[in-house]
Amino acid sequence: MTSFFKGALLLTIAAFAGECIEFLVNIVLARELGEEGLGLYMSILPTIMFVVVLASLELPISISKFVAEKEQLFHRSMLLHALRFAAVCTLIFVAVSVWVLPLIPVFDHYHPLVPWLFILLIPLIAFSSVARGYFMGAQKMSRIAFANFLRRAAQLVLLFFIFNMMSFAQDVAIFVALCTLVASELVVFGYLFFAFLLQMNLLKRRPRATLDGKKVRRTLLEVSVPTTGLRIFHAATFALKPFLIKEALVRAGMVEGLAMTQYGKLAGVAFSIGFFPAFIAHSLLIVLIPTVSEAYAKREFVRLRSLMRKVMLLTAGYGIPAVMVFYFFAEPLTSLFFENSPAVRYLQLLVPYFLFHFFAIPMQAFLIGIGLVKEAFVHALYSTVFSFGMMFVLGSMPSMQMDGVILGMNMGAVLLTLMHYVTICEKINVTLLLQQKR
């Protein structure tokens, strides 16, 4: 338990610094790209996340589970098989992407070289995922923490330097902003993979055993496939969300250009502020997956119950004060991006959405750790279908518009969190008040 909280604290500190930098990155983007440009930039980010999910195949999670559950003498053999698997997947995904990405209509509004940036991301993400998974499973959280900080810091430095040296037309400016994003991933890849190779040489000098490649791939895929399916679903729905919201607002009587601008303020301003404390939840997720996997493999249910209580208390301890700050100080916070912005109201209305997501993120780690990835996917499916339906119906009403969209988002977040919570309580044999069942 001590190592868990040490790792979580280290990741939280690094993530806090990273989120502060991310906040500055979004401010720079808002000022350099303008309202419409920011809307276009934020609209393409979900597609980038979709490519990242496919390229990683959720290897960080499957490898971290394997490393946490198995003895060290098996680690090097498993990692070699994982590298070969990542190389094969990279070749396949690059070949498919070269053919498919230029045909996707969403790229019509962007610089013609943007699809090639996405293709460049694939090998960077695939191989850094193997390194990231090992460091997570081996509880070497300092590597993960620094890598997460380095990504944001590199992007901010590049954005600040380039936009202060030169000015661009809007389409080129968006392309340059996306280039800095890819370049930051290249920096992270260089750092993680170098550290990974040093660790592989160290493991080579220690006692080791050889594993069958087919068995390793099957073990990794048993976790990677359903987890990737979950992430693909999240990424696909995240990519669909801007267009669903825009269509709902247009049906409510809003001009299409204004609808895109409003989404830019929702995603670029309200989401940037509201998800700022989520670095704590994501830090918990990274540490929880190997910790819960190890405890569940050893059938340490007392430890799992104690961990669940502490995670819930910690989440409430930072989440509730955070959303209160968002609600009462929405105007000065949003004015850091744009003056007199409707994002003030968006941020206030989204308070339930942010709070319940702070709880849902570590709960998802629990579900993955105890082998309930399919249940996590089903929960995401039900809550998203319900949320999207309510967003479209309520957002299409002229009297509600964006208020209706946000209300639908809130409903989905509440439903997802409650389904996760009830399932975990059943699995670890506690009541809804987190007391052991008699």
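Residues numbered from 1 in each chain as written. Predicted model: local features only at pLDDT ≥ 70, side-chain atom pairs only at ≥ 80, totals over all residues. Heavy atoms only, no water.

Of the regular secondary structure elements, the chain holds 15 helices and zero strands. What you see for the chain is a C-alpha radius of gyration of 22 Å, in line with the 22 Å of a compact globule of 438 residues. Principal axes of the C-alpha set define a box for the chain whose edges measure 65 × 55 × 35 Å. When the 438 residues of the chain are sorted by exposure, 56% land in the buried category. Taking all contacts inside the chain whose residues are at least 6 apart in sequence as the whole, residues at least 24 apart take part in 82%. In the structure as shown, the chain presents an accessible area of about 19,000 Å², 68% of it carried by carbon and sulfur atoms. Separation between the mean location of the 35 positive side-chain charges and that of the 22 negative ones in the chain comes to 15 Å. (Helix = DSSP H or I, 4+ residues; strand = E, 2+ residues; numbered from the N terminus. Rg over C-alpha atoms; globule rule 2.2 N^0.38 Å. Buried < 20%, exposed > 50% of the residue type's maximum accessible area, 1.4 Å probe, protein only. Contact = heavy atoms within 4.5 Å. Areas by Shrake-Rupley, 256 points an atom, 1.4 Å probe, with all protein chains shown as cover. Lys, Arg positive; Asp, Glu negative; His and termini not counted. Charge placed at Lys NZ, Arg CZ, Asp CG, Glu CD.)

Following both chains from N to C, one finds helix α8 (residues 256-274) and helix α15 (residues 402-427) inclined at 45 degrees, their axes separated by 12 Å at the closest point. In this view, α8 runs oblique relative to α15, as classed from their interaxial angle. Considering how the two elements wind past one another, α8 and α15 form a crossing that is right-handed. Residues Gln262, Tyr263, Leu266 and Phe271 of α8 pack against Met402, Ile406 and Met409 of α15. Considering only residue class, the contact of α8 with α15 consists of six nonpolar, one polar and no charged. (Axes fitted to C-alpha atoms, helices over the stretch in contact; angles between N-to-C directions. Parallel < 35°, antiparallel > 145°, perpendicular 65-115°, else oblique. Left-handed = near helix turned anticlockwise from the far one by under 90°. Nonpolar A, V, L, I, M, F, W, Y, C, P; charged D, E, K, R; others polar.)

It is worth spelling out the packing of aromatic side chains at this point. Geometry of an aromatic ring pair is reported as the spacing of the ring centres plus the angle between the planes. Tallied over the full model, the rule gives 22 aromatic pairs. Centre to centre, the rings of Phe233 and Phe377 are 5.5 Å apart; their planes meet at 65 degrees, and the pair counts as edge-to-face. In this pair, Phe233 sits in helix α7 (residues 213-251) while Phe377 sits in helix α14 (residues 373-395), placing the two residues 144 residues apart along the sequence. Under the relative-accessibility criterion, Phe233 is labelled buried at 15%. The exposure class assigned to Phe377 is partly exposed, which follows from its relative accessible area of 29%. An angle of 90 degrees between the planes, with centres 5.9 Å apart, marks the rings of Tyr296 and Phe301 as edge-to-face. (Phe/Tyr/Trp six-rings, centres within 6.5 Å; stacked < 30°, edge-to-face > 60°.)

On the surface, Lys70, Lys214, Lys215, Arg217 and Arg218 cluster together to form a positively charged patch. By the element assignment, Lys214 lies in helix α7. Take Lys214: its relative accessible area is 57%, and that puts it in the exposed class. (Patch = residues over 30% accessible without salt bridge, like charges linked within 9 Å, V, L, I, M, F, W, Y side chains within 5 Å. Salt bridge = Lys/Arg side-chain N within 4 Å of Asp/Glu carboxyl O.)

So, on to helix α4 (residues 114-137). Helix length check: α4 (24 residues) gives 34 Å between terminal C-alpha atoms against 34 Å at 1.5 Å per residue, within 8%. Ser129 marks where α4 bends most, by close to 25 degrees. Among the 24 residues that make up α4, 20 are buried, leaving the element largely enclosed by the rest of the structure. The first or second residue beyond α4 is Gln139, which carries a positive phi of 60 degrees. (Expected span 1.5 Å × (residues − 1). Bend = angle between axes of the 7 residues up to and from the residue.)

What follows deals with the pattern of salt bridges. Tallying each qualifying case throughout the model produces six salt bridges. A salt bridge links Glu294 to Lys298, with the shortest nitrogen-to-oxygen separation between them at 3.1 Å.

Moving on: the packing of α8 against helix α13 (residues 351-369). The N-to-C vectors of α8 and α13 enclose an angle of 45 degrees; their axes lie 10 Å apart at closest approach. By the criterion of interaxial angle, the relationship of α8 to α13 is oblique. You can see that α8 and α13 cross each other, and the crossing is right-handed. Contact residues: Ala270, Phe271 and Gly274 in α8; Tyr353, Phe354 and Phe358 in α13.

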